[in-house]
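Descriptive analysis of the structure
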Amino acid sequence: MIASLRGPVTRITAQGAVIEAGGVGYLILATPETLAGLRIGDEAYLHVSMVVSRENEQTLYGFADDDAREVFEILKTVSGIGPRLALQILSALPPNDLRRAISTDNEATLVRVPGIGKKTAQRMLLELEGKLGPAVGEAEPSAPESDSDTDVIEALVQMGWKEHDSSVALAEAHKQIPGGTVAQLLRAALQALSQRR
């Protein structure tokens, strides 16, 4: 079972990245937040969850820290939540945000996640109660907008988009999500760019 990977990043896409380790390129699916921290050519270290499907297909899911990987594993124990939906949940709600939503019975926050309906949200509140532990500290203050913008544009350029197009898409993302996190802005900018193709 693969638990972590370290090696140079050879490719980054909207859904994942390829990390080379021991001469083999491993495709790892990850959240936009994790992908935003990677740079092609730089060495990366990701905590990995390997999921083997019934068809014996092996898929790797990567996380910047072990806490996110553990939360991913716990999410998969909820009825009706598979690995892809668990990753989608963490893309919208980082571990601490998810912990707060569960501990405060905030169903409204959960149903805002794409793919999560009312029934699934209620099941999550019921089945995850007490399993995720308390949220760590208070919410971190948002980085200054210019830092967030730089991170998002760098991530988009690494994925192959032109800097000008990335800036325009980021401006659209800001209109949709004022004060959004790097992950939220990156996701919205990617959607804007993909609609232009």
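With that out of the way, let us pick up unusual backbone geometry. One non-glycine residue, N56, adopts positive backbone phi at about 70°. The topology assignment puts N56 in the loop between β4 (43-52) and β5 (58-63). Owing to a relative accessible area of 60%, N56 belongs among the exposed residues under this scheme. Not every positive phi belongs to a glycine, and D105 is a case in point at roughly 55°. Tracing the backbone shows D105 in the loop between α4 (95-103) and α5 (107-111).

Side chains that carry opposite charge are capable of pairing whenever their charged atoms lie near each other. Enumeration according to the criterion identifies eight salt bridges in this entry. With its nearest N and O atoms 3.9 Å apart, the salt bridge here joins E73 to R69. Residue E73 and its partner R69 are both found in helix α2 (residues 66-75); the two are separated by four residues, about one turn of the helix. In this structure E73 comes out as partly exposed when scored by relative accessible area, which is 28%. Each of the salt bridges in this network shares a partner with another, and the network as a whole consists of D66, R69, E73 and K76.

Definitions and limits used
Residues numbered from 1 in each chain as written. Predicted model: local features only at pLDDT ≥ 70, side-chain atom pairs only at ≥ 80, totals over all residues. Heavy atoms only, no water. Helix = DSSP H or I, 4+ residues; strand = E, 2+ residues; numbered from the N terminus. Buried < 20%, exposed > 50% of the residue type's maximum accessible area, 1.4 Å probe, protein only. Salt bridge = Lys/Arg side-chain N within 4 Å of Asp/Glu carboxyl O.

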